[in-house]
Amino acid sequence: MSLARAITTGDLTQLPSRRDEDWRWSDLRGLIRVLPAPSPAHIGAGTPGPFAGLANREVVIVNGYGPAAIKVAAGETQTLALRFIAARDAGAHVARAAIEVDAGATLTLLESYEGEGTDYVVERDLAISVAKGARLERVIIAGDDQDAVSVSRADIDLSPGATLAQTVLTHGGKRQRLETHVAHPGAEASVRLDGVYVLGAKRHADLTTVVTHAGANGVTDQLTKGVVNGQARGVFQGRIVVSPGADQTDAKMGHHALVLSDRAEVDAKPELEIYADDVACAHGNTVGALDDESLFYARQRGIPEAEARAMLIGAFLGEVVDRIEHDGARGVARAWLAEQLGTRP
Amino acid sequence: MTTMLSINNLHVSIDGKAILDGLTLDVPVGEVHAVMGPNGAGKSTLSYALAGRPGYEVTAGSATLNGDDLLALEPNERAARGVFLSFQYPIEIPGVPALTFLRTALNAQLKARGEAEITAPAFLKLVRAKAAGLKMDFDMLKRSLNVGFSGGEKKRMEILQMAVLSPKLAILDETDSGLDIDALRIVAEGVNAMRGPDRSMLVITHYQRLLDHIRPDRVHVLAAGRIVASGGPELAHELERGGYDQYAKVAA
């Protein structure tokens, strides 16, 4: 059952619903009564994406049409802009791509979900493999439209000694699910899995991650932070599974959110399932309001309330953005954050 | 002599509970006045009410700064008019470097007063000079505001902010709390360096020892939400000898 299957078959009973435990905060079956028409074919983008100028290679997939296989050869270093565009005439489509990062290669993957259209319904599926000793840093700006429904799913398969660092930045959609599934072999492979959501009006974003540690000596470090305002809803579902035999796993999960209005909501479900011995696993989850004392302190120094709020929220979320390793991408992420908060970067 | 701060019959409640009960106090321009009192007398309430902290409800009375109604202004507007509160427990703000915070504050005040913003080089020069006077390590100011600072460093950071923002009225709320004797001396020197004919200070303290370092022009005793006695610096010593109990009856 998935949005992709519903789109390809036209059978709405294939949509995940709130009865599915993993979808109870992001119901699609109750939301989508009729699918829009299939998105027409397009080739290429007319506008530069949010990471323009940073990449040495660009792959554009418009309305689900574009190159489907991307390979980074052994030992190569690449910065790739991967753009999923829902064009102005987008209806319903599934976009798929597969990325192979060969042994010892380094890929900085700058992914953007660009909603030029409005009420489209799309699924984006990525299959990524990171071979032995290879490095992948993935920075995603999910720029869906406020009336759009989207599910973006990445299945990432790591080999021993591989490194994955990921940061998702989103301002949500009408209903937006951002899923990452990591097959973690342990074996000195290391994962950083971060997210930032800034949601206002009636927007929704669901950051769901599943990391399965299959072998010993693996590291996972996860930090997601968000703010919700208006009638927005943020969802964080983080699951880390430490399988039998995955001893000496070092896993950390943090999710922290600020709720800025009475009608906004954050639902969080951190789950650590541990079936191995001698592991170090920790998680922290906090949902609260902006600290009144900090706000008063800043105002006492002369900073007007709106500016003080933006400063404090920016600092709160900035901790995640600062973990992005690629300098150019970090700069773009800071500018994105400033734009969301209406401040200077 | 012109009055800087004039508080008249001030009543303040928190969550419906009356804390200040008709407090009257004038601080002339250029003078340093101490407010002493036992725990629970309303000392911190006085400082927060003057600074405009939300939740401190003024139910009666007035407070003016140079004749302007302070109580009608937002906290940031009061700051821009020249009110500075040195917090008893300075707040930690992770992710905001002290320098960034201070520059944002200074520029916000300048902007509110219709003055030009300070340039980055001029700001750094100003802060370097003031930090040196307080024997502060400049590199510390690149770190998140007050995060990981010791109690003494936080109080020095308060005085540094005061020196850079150059307020007309400085309210020092229990500035001596948490300070060892060396830190107390450095902080007091920083405060004394800012005394001048155009600036007034309200030094709020439980203990007399701070007043050995910051010599007040006048001392007021606050008990049960009111000023119950006023006098010269010698009053602080009398309090040290006789305790606050002698005023409990007056206030009742």
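Here the structure is shown first, and the text comes after it.
Residues numbered from 1 in each chain as written. Chains lettered and ligands numbered in written order. Predicted model: local features only at pLDDT ≥ 70, side-chain atom pairs only at ≥ 80, totals over all residues. Heavy atoms only, no water.

Asker: Is there a simple way to explain the overall build of chain A in this structure?
Answerer: When its secondary structure is counted, chain A shows four helices and 17 strands. The buried share of chain A, taken over its 345 residues, is 55%. Within chain A, counting contacts between residues at least 6 apart in sequence, those at least 24 apart form 80% of the total. When the accessible surface of chain A is totalled, it reaches about 13,400 Å², and 48% of it is carbon and sulfur. Chain A carries 35 positive and 46 negative side-chain charges, and their two centres are separated by 4 Å. (Helix = DSSP H or I, 4+ residues; strand = E, 2+ residues; numbered from the N terminus. Buried < 20%, exposed > 50% of the residue type's maximum accessible area, 1.4 Å probe, protein only. Contact = heavy atoms within 4.5 Å. Areas by Shrake-Rupley, 256 points an atom, 1.4 Å probe, with all protein chains shown as cover. Lys, Arg positive; Asp, Glu negative; His and termini not counted. Charge placed at Lys NZ, Arg CZ, Asp CG, Glu CD.)

Asker: What is the right way to read the environment of A:Asp147 from this model?
Answerer: Residue and element names in this part refer to chain A. Within the secondary structure, Asp147 is located in the loop between β7 (135–143) and β8 (149–158). Classification of Asp147 as partly exposed rests on a relative accessible area of 38%. Along the backbone, Asp147 and Thr9 are 138 residues apart, and their C-alpha atoms lie at a distance of 23 Å. Aside from chain neighbours lying at most four places away, what touches Asp147 is Thr118, Asp119, Tyr120 and Lys174.

Asker: Can you help me understand the interface of chain A and chain B in this one?
Answerer: A common way to report how large an interface is uses the accessible area buried once the components associate. Tallying the contact residues gives 16 residues for chain A and 30 residues for chain B. Buried surface at the junction of chain A and chain B, summed over both partners, amounts to about 1,900 Å²; 65% is from carbon and sulfur atoms. When residues of chain A are sorted by the area they lose upon contact with chain B, A:Phe296, A:Tyr297 and A:Arg301 head the list and together hold 40% of the total. Remark: the boundary between chain A and chain B carries two salt bridges. Residues B:Glu158 and A:Arg301 are paired through a salt bridge, measuring 2.6 Å at the closest nitrogen-oxygen approach. Here chain A and chain B share ten residue pairs in polar contact (both at pLDDT 80 or more) between them. At the level of secondary structure, the elements contributing two or more residues to the side of chain A that touches chain B comprise α2 (292–300) and α3 (305–321) of chain A. With seven residues, the single largest contributor to the side of chain A that touches chain B is α2(A). Class assignment of the residues belonging to the side of chain A that touches chain B gives a composition of eight nonpolar, three polar and five charged. (Buried area = accessible area lost by both parts, 1.4 Å probe. Salt bridge = Lys/Arg side-chain N within 4 Å of Asp/Glu carboxyl O. Polar contact = N/O pair within 3.5 Å; in protein donor to acceptor, adjacent residues only side chain to side chain. Nonpolar A, V, L, I, M, F, W, Y, C, P; charged D, E, K, R; others polar.)

Asker: I tried to follow the side chain of B:Glu174 on my own but got confused; where do I start?
Answerer: Residues and elements named next belong to chain B. Of note, Glu174 is situated in the loop between β9 (169–173) and α6 (181–193). Note on Glu174: relative accessible area 9%, which makes it buried. Once you skip the residues sitting within four places of it in the chain, Glu174 turns out to touch Lys43, Gln88, Lys155, Ile204, Thr205 and His206.

Asker: I would appreciate a short explanation of helix α4 (residues 120–133) of chain B in the present structure.
Answerer: The α-helix advances 3.6 residues per turn, and as a result positions three or four apart in sequence lie on the same side. All names here are of chain B. Along its 14 residues, α4 runs 20 Å from first to last C-alpha, staying within 8% of the 20 Å computed at 1.5 Å per residue. Buried within α4 are the following residues: Phe123, Val127 and Ala131. The arc that holds every buried residue of α4, seen down its axis, measures 60°, which confines them to one face. The exposed residues of α4 that point more than 90 degrees off its buried face are Pro121, Lys125, Ala129, Ala132 and Gly133. The elements touched by buried residues of α4 are α3 (98–112) and α5 (151–165). Where α4 starts, the residue carrying a side-chain oxygen 3.3 Å from the main-chain nitrogen of Ala122 turns out to be Thr119. Backbone geometry just after α4 places Lys135 at a positive phi near 55°. (Expected span 1.5 Å × (residues − 1). Arc of directions from axis to C-beta.)

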